[in-house]
Amino acid sequence: MKKIMTPGPTQVRENVRMARSLATTNPDLDLEFYEYYKDTCDLLSELLHTKNVCYILSGEGILGLEAACASLTEQGDRVLVLDNGIFGRGFADFVKIYGGEPVLYTADYHQAFDVKALADYLEQDHDFKYAAVVHCDTPTGVQNPIEEICPLLKRYGILSVVDAVASMFGVDIDVDACQADIVCGGSQKALSAPVGLTMVCVSDDAIRAMEQRKTPIASFYANLLTFRDYYKNKWFPYTMPISDIYGLRTALENVKDDKDIHKRHAEIASATRKAVTEAGLKLYLESGFCATVTVLEVPEGVDSAELLNTMTEKYGVMIAGCFDFLAGKVIRLGHMGENANVEDVAMMLGALDATFADMGYALNASMKDVFVREIHN
Ligand SMILES: *Cc1c(COP(=O)(O)O)cnc(C)c1O
């Protein structure tokens, strides 16, 4: 078996895998399942420090992003797309699909948004129904300060849609303090359940905006309003993937029991960055590093595909390249969720040391040694 040290999907703990193999009931008809689903959603709200309602949708993380845009966007709506990364810019596509007019606010891809500059921009133009922002934009690993951005938007009455797929449970998110309106997560990132579910956390303001639409939501599967009365009516819009939800629940309980989870992510990320830079390699970002992923530039003369292939085939460790304009230019080390443990990250960095040596590229230091030294400091 290969070790998957990618920024999602992540390794899945045995108790989560076991939970998925339990005997199942009919989740449409069995009223006990409605209680189980609601308790699981309530646990999500608790872990995200919010009174807002959470829903679990059957579909990978992308479904949450699309559902947020589908449910809020009406023909001609102006939507602010906060673009300092590939997922951020990608929101423009969802806005367009549902008839909205995306307005890009593009900033430097090497750092987090400067909130002061955004505030100046909004002072000039704030006629937006909602804004989309990515908390951790995984292709570069940047973490944006949603705790400042969302309240700023709120002051202008602009709703916020936050893609927290790559940060949720690797970084502490206080949804109420952020005043974020729709926060999206995915099962396969730091939560470390298998791929297949998206979690959305929806504010009263967002639900009101959906209810006050002049035109119906142009989707069924991506319509968040169809979940609003599931508990009262004991009706789901489609049959819930019960085994996936059993696994998700166990993964959430693992997170709840893991009191050091955010501290551990931060320490591992910091030691990983130190390892990369002391080895003489270059981080993609200048600042704004997220604790769940480290992105480094592929040095001149090194072929990214060959590097990734050697890592996988010779050392059995899978790390990630990138896509879009960063394809072949950076590699991404995933230290989120179950991957965020000292042994696995040290092993990954050791394999990376050996791979660079195999490729005839001399590092200034062993990344594994620097990491181990830093983590025990
Ligand atoms: C992983 C991820 C998603 C989900 O996208 P996939 O590429 O389908 O896995 C969405 N947003 C962010 C920021 C992610 O990291």
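Just so we're clear, the structure is a prediction, and the values are computed from it rather than from any experiment.

Asker: Looking at this model, I keep getting lost on the pattern of salt bridges. Mind explaining?
Answerer: Side-chain pairs of opposite charge can arise whenever the charged atoms involved come near each other. The tally for this structure, following the rule as stated, stands at 24 salt bridges. Lys129 is the partner of Asp77 in a salt bridge, and the nearest nitrogen-oxygen pair spans 3.1 Å. Taken together, the residues span a long stretch of sequence, with Asp77 in the loop between helix H3 (61-72) and strand E3 (78-83) and Lys129 in the loop between helix H5 (115-124) and strand E5 (130-134) at a distance of 52 residues. The shortest N-O distance in the salt bridge between Glu267 and Lys263 comes to 3.3 Å. Separated by four residues within a single helix, Glu267 and Lys263 lie in helix H11 (residues 261-278), roughly one turn from each other. Judged by its relative accessible area of 41%, Glu267 falls in the partly exposed class. Overlapping salt bridges, with partners in common, bring together Lys154, Asp181, Asp205 and Arg208 in one network.

Asker: Got a minute to help me understand the domain arrangement of the chain in this structure?
Answerer: Size of an interface: often given as the accessible area lost when the parts come together. Along its sequence, the chain is organised into domain 1 (14-257) and domain 2 (261-376). Computed from C-alpha atoms alone, the centre-to-centre distance between domain 1 and domain 2 is 29 Å. Where domain 1 abuts domain 2, roughly 2,000 Å² becomes buried across the two surfaces, and 62% of that area is made up of carbon and sulfur atoms. Between domain 1 and domain 2 we count one salt bridge in total. Applying the counting rule to domain 1 against domain 2 returns eight residue pairs in polar contact (both at pLDDT 80 or more). Those elements that place two or more of their residues in the side of domain 1 that touches domain 2 are helix H4 (86-97) and strand E7 (142-143). By residue number, the principal contributor to the side of domain 1 that touches domain 2 is H4, which donates three residues.

Asker: How do you make sense of the sheet that holds E5 when you look at a structure like this?
Answerer: Adjacent strands of a sheet form backbone hydrogen bonds with each other and so pair up, either parallel or antiparallel. The mixed open sheet is built from seven strands, whose spatial order is E2-E10-E9-E8-E5-E3-E4. Looking at which strands have only one partner, the edges of the open sheet turn out to be strand E2 (53-58) and strand E4 (101-106). Averaged over all pairs of adjacent strands, the angle between strand axes in this sheet comes to 20 degrees, irrespective of strand direction. Of the strand pairs in this sheet, E5 and strand E8 (residues 159-163) are connected by five bridges, and their pairing is parallel.

Asker: What exactly am I supposed to notice about a nonpolar patch on the surface here?
Answerer: A grouping of Phe220, Tyr221 and Trp235 is seen on the molecular surface, where their side chains present a nonpolar patch of about 340 Å² in accessible area. Position of Phe220 relative to the elements: it lies in the loop between helix H8 (204-211) and helix H9 (230-233).

Rules used in this analysis
Residues numbered from 1 in each chain as written. Predicted model: local features only at pLDDT ≥ 70, side-chain atom pairs only at ≥ 80, totals over all residues. Heavy atoms only, no water. Salt bridge = Lys/Arg side-chain N within 4 Å of Asp/Glu carboxyl O. Helix = DSSP H or I, 4+ residues; strand = E, 2+ residues; numbered from the N terminus. Buried < 20%, exposed > 50% of the residue type's maximum accessible area, 1.4 Å probe, protein only. Domains from an automatic or database assignment. Buried area = accessible area lost by both parts, 1.4 Å probe. Polar contact = N/O pair within 3.5 Å; in protein donor to acceptor, adjacent residues only side chain to side chain. Pairing = 2+ DSSP bridges. Axes fitted to C-alpha atoms, helices over the stretch in contact; angles between N-to-C directions. Patch = residues over 30% accessible without salt bridge, like charges linked within 9 Å, V, L, I, M, F, W, Y side chains within 5 Å. Areas by Shrake-Rupley, 256 points an atom, 1.4 Å probe, with all protein chains shown as cover.

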